[in-house]
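Commentary on secondary and tertiary structure
In case you want the letters, here they are:
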Amino acid sequence: MNEEIKTLTISIYTENNIGLLNRISAIFQRRHINIESLTTSQSEIENVNRFVIVVKISETQAKKIVGQIEKQVEVIKAYYHDEHETIFTESCMFKIKSELLFEEPQIQNIIKESDTRIVTVNKQFFVLEKSGRRHEIEALRRDLSAFGIMQFVRSGRIAVTKDEMKITELLDGVKNK
Amino acid sequence: MSNTQTIKKVENKAVKTERITGSEAIIKCLIAEGVDILYGYPGGAIMPVYDELFKYQDKIHHVLTRHEQGAAHAAQGYARISGKVGVAMATSGPGATNLITGIADAQIDSTPLVCITGQVFSHLLGSDAFQETDIVGISTPVTKWNHQITKAEDIPEVLAKAFYIAKSGRPGPVLIDITKDAQVQEFDFKYEKCTEVRSYNPVPKTNIESVKAAAKLINNAKKPLIVWGQGVILGEAEEELKAVVEKAGIPAAWTILGASALPTSHPLNVGMVGMHGNYAPNKLTNECDVLIAIGMRFDDRVTGDLKTYAKQAKVIHFDIDPAEIDKNVKTDVAVLGNSKESLALLLKELEENSHQEWHQKFKDLYKIEYEKVIKSDLLPEKEGLTMGEVLKEINTQTKGDAAIVSDVGQHQMIACRYAEFNKTKSNITSGGLGTMGFALPAAIGAKMAAPDREVVAIIGDGGYQMNIQELGTVFQQEVPVKIVVLNNEFLGMVRQWQQLFFDKRYASTEMTNPDFVTIAKGYRINAKRVTKREELADAVKDMIASKSSYFLEVCVEKEDNVFPMIPTGASVSDVRLS
Ligand SMILES: Cc1ncc(C[n+]2csc(CCOP(=O)(O)OP(=O)(O)O)c2C)c(N)n1
């Protein structure tokens, strides 16, 4: 009976309404499912938002969760995907003392080799930004922490699916009914 | 505003606008939705609406309950017997939070409600202003939809959407919170009913292939069993259910909220399933070869231990809500859609059958239940009165035509087991939430929605005292409900559990009760107490004959138990008779 727990990405297309985040997060909360990361933004369709939620659950759980999510009036459609079905990334930022940039030549090497971008430099600090897989970001953090990091922040996962999700068709279908 | 985008406008050039306040707009929206009665309680944040109600008294009757919980339950009773949307209204803060139990009850029992709450001025939102609570946040997990309005001009669209969502598909409660400034602002009003919300698909399309697959399983079944739930009543599929049952000759059992969809006397009606359901359908759930679930959700009170529930059977599940499929019980065939349509489609595919031998098994097990349980419930030989014999007397006097509104506890299980129902929508009870205090206010709403029907509330001495203040509503509104309190001086159902599973340690379940008859009389309600069997028939007769409201207290045996019973977590086939 014990099903495999996977890292799954749940994509939810919704109306852009205040309060919906509450309804959606409550569905996870009631079932004691920890949200690994959550991102919400506009989607490719005007006035349609997209949630990308990463959770570690079984497929059976995911099916039920998606059913409960779709039941919400303002949810247009929800899906779940495993890692092979999506292309995904996270991004992060580091704030580091400026003097290190000049005094520690190794930092410059790290920046070059890890494909990290310098966002800004001033007298006090400089800011690095990088997008990539979690392990790449973690490796970078490890490397930089040897020199001291003033601030670090990482975003939730964002993902697009390899397969089409046909939201526009779905919405057109409603309009033409 | 995003709502404007989500609602498809119905082209109607003739709709004229007029400049009115938000409050007046609320009333006009209600009238446009056919609301003629609403239940509520005033207060600061909703006063402008009450002021308008004063003007519109001839169109909308406002019922002042004695507690907002009473208003919510009354609106539920109204909705359950009429099939229409029940409306409740309250002020902000404590008024709004007092509605919550009724809203939660409506949510789990799929009852269409629109609740309107007043809210502080929008510039005060989030400031902990006097009587401000985040009612939208609080009600989110127990509503089908909710919304806060801060501008008068949003009132018509949001209310139209509220009624549409509450009623369509799988019904449920909607809460609309309206700030005071939105109530007093003027705007150009016009009303158009909502017929569609683009992100919302209330009734999934029935797939004919799934209907055919279901029919094939049923046609090949040797021992099919139907378990129907409230989905049949909500979908108004009573006729279709009957036709299916009769054509294929399938024994049919019901969940507590499905009761009355098929008359009790129907020869293929084999009784209730679940924790205190009948012996035969519970036992034979684990013997049938095809289990046909219609508009029910495999609640844990119905299934007992899921690991052993109907494991031998192919399961067919008819439901309007896709999220119910495979939620608790894995199905072999799922038929989505409205039960009225899907059962009509199924009927065409079914072959005639009678399953005599299989049906005989139900009769045999009924005989066992009759000997061990029913006989002593309905025809007791001991001195003390039983709850069962009271129900039997009510059946006799009302000829099975009454709507029975029951509260929660032993009396509820007895009422559902023994009430005879000739008509649909006759069993009004709190199923999913099991809310004590439900019955008195719900009976008020039911009687007001169906004045031609006899409405009898069956209540325990515990639950009665949870909303006893609604006697004031009965009195003021002159609602001719019949109230029966089965007084065992215990929180009976809990005491039963204590007896069976906690070595008779009756911790805090004994009740010292007031003189209920005097209380009823204090509210100018005719009242009588019965303590002896000889008095019962006449008392029930007087009650039913009464043109006005009537209170009957029946002092019953203190420590009777309700059987059959499936202990929590046990298998349905482990149903106990004693
Ligand atoms: C609001 C609420 N509180 C507590 C309970 C738990 N509960 C279920 S049945 C019951 C006893 C009901 O006693 P009574 O109303 O006297 O009815 P009886 O069982 O004696 O018929 C209780 C306390 C509940 N269902 N609802």
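Above this note sits the structure.
Structural notes, computed from the coordinates. From a predicted model like this one, the values you see are computed outputs, not experimental measurements.

About the criteria used
- Residues numbered from 1 in each chain as written.
- Chains lettered and ligands numbered in written order.
- Predicted model: local features only at pLDDT ≥ 70, side-chain atom pairs only at ≥ 80, totals over all residues.
- Heavy atoms only, no water.
- Helix = DSSP H or I, 4+ residues; strand = E, 2+ residues; numbered from the N terminus.
- Rg over C-alpha atoms; globule rule 2.2 N^0.38 Å.
- Buried < 20%, exposed > 50% of the residue type's maximum accessible area, 1.4 Å probe, protein only.
- Areas by Shrake-Rupley, 256 points an atom, 1.4 Å probe, with all protein chains shown as cover.
- Lys, Arg positive; Asp, Glu negative; His and termini not counted.
- Charge placed at Lys NZ, Arg CZ, Asp CG, Glu CD.
- Near = heavy atom within 4 Å.
- Nonpolar A, V, L, I, M, F, W, Y, C, P; charged D, E, K, R; others polar.
- Contact = heavy atoms within 4.5 Å.
- Pairing = 2+ DSSP bridges.
- Axes fitted to C-alpha atoms, helices over the stretch in contact; angles between N-to-C directions.
- Buried area = accessible area lost by both parts, 1.4 Å probe.
- Salt bridge = Lys/Arg side-chain N within 4 Å of Asp/Glu carboxyl O.
- Expected span 1.5 Å × (residues − 1).
- Arc of directions from axis to C-beta.

Describing the overall build of chain A
From N to C terminus, chain A includes 6 helices and 9 strands. Its C-alpha atoms give chain A a radius of gyration of 20 Å, more than 25% over the compact-globule value 16 Å for 177 residues. Taking the principal axes of the C-alpha coordinates as reference, chain A spans close to 65 × 40 × 30 Å. Residues classed as buried in chain A amount to 44% of the 177 residues present. Element-wise, carbon and sulfur atoms account for 47% of the exposed surface of chain A, whose accessible area totals about 10300 Å². Across chain A, the 26 positively charged side chains and the 26 negatively charged ones have centroids separated by 5 Å.

A few points about the site of the ligand
All names here are of chain B. Residues in contact with the ligand amount to 18 residues; listed here are only the nearest, Gln410, His411, Gly434, Gly463 and Gly492. Contact with the protein chains hides 76% of the accessible area of the ligand, taken as 600 Å² for the molecule alone. Looking at the shell around the ligand, the elements that each hand over two or more residues are α17 (410–418), α19 (461–464) and α21 (492–501). A per-class count over the shell around the ligand returns 8 nonpolar, 9 polar and 1 charged.

Examining the environment of Ala78 of chain A
All names here are of chain A. When you line up the elements, Ala78 lands in strand β4 (residues 75–82). Along the backbone, Ala78 and Ile53 are 25 residues apart, and their C-alpha atoms lie at a distance of 11 Å. The residues touching Ala78, leaving out its near neighbours within four places in the chain, are Ser11, Ile12, Val66, Ile69 and Glu70.

A look at the sheet that holds strand β12 (residues 290–294) of chain B
Residues and elements named next belong to chain B. With parallel pairing, 6 strands are arranged side by side in an open sheet as β11-β10-β9-β12-β13-β14. Every other strand in the sheet has two partners, leaving β11 (269–272) and β14 (333–336) as the edge strands with one partner each. When strand polarity is set aside, the average angle formed by the axes of neighbouring strands in this sheet is 20°. Pairing of strand β9 (residues 224–228) with strand β10 (residues 252–254) involves 3 bridges; the strand directions are parallel. From the neighbouring strand, Val227 faces β10, where its bridge partner is Ala253. Across the sheet, helix α11 (residues 238–248) touches β9, β10 and β12, and the angle it forms with β9 is around 165°.

Side note on the sheet that holds strand β19 (residues 526–530) of chain B
Residues and elements named next belong to chain B. Taken together, 6 strands build an open sheet; the order of strands is β16-β15-β17-β18-β20-β19 and the sheet is parallel. Strands at the two margins of the open sheet, each flanked by one partner only, are β16 (427–429) and β19. Each neighbouring strand pair of the sheet contributes to a mean axis angle of 20°, computed without reference to strand direction. Judged from the 3 bridges that link them, strand β15 (residues 403–406) and β16 form a sheet pairing that is parallel. When the bridges of β16 are listed, Ser406 appears paired with Thr429. Lying over the sheet, helix α23 (residues 533–545) contacts β17 (455–460), β18 (482–487), β19 and β20 (550–555), oriented at roughly 160° with respect to β20.

Remarks on the interface of chain B and chain A
How big an interface is tends to be stated in terms of accessible area lost as the parts join. Facing 23 residues of chain B, the contacting portion of chain A comprises 20 residues. Summed over both sides, the interface of chain B with chain A buries roughly 1900 Å², with 46% coming from carbon and sulfur. Taken as a group, Thr140, Arg198 and Ser199 of chain B account for 34% of the area that chain B buries against chain A, more than any other trio of residues on that side. Across the salt bridge formed by Glu74 of chain A and Lys161 of chain B, the nearest N and O atoms sit 3.6 Å from each other. Taken together, the elements giving at least two residues each to the side of chain B that touches chain A come down to α1 (2–6), β6 (145–149) and α7 (155–167) of chain B. For the side of chain B that touches chain A, the residue count by class is 5 nonpolar, 8 polar and 10 charged.

Digging into α23 of chain B
Residues and elements named next belong to chain B. In this model α23 runs 19 Å from its N-terminal to its C-terminal C-alpha over 13 residues, within 8% of the 18 Å that 1.5 Å per residue would give. Of the positions making up α23, those classed as buried are Leu536, Ala539, Val540, Met543 and Ile544. Projected down its long axis, α23 shows its buried positions confined to an angular sector of 130°, all on one face. Seen from the buried face of α23, the exposed residues on the opposite side, beyond 90 degrees, are Glu534 and Ala545. Turning to α23, the residues buried within the fold contact α16 (387–398), β17, β18, β19 and β20.

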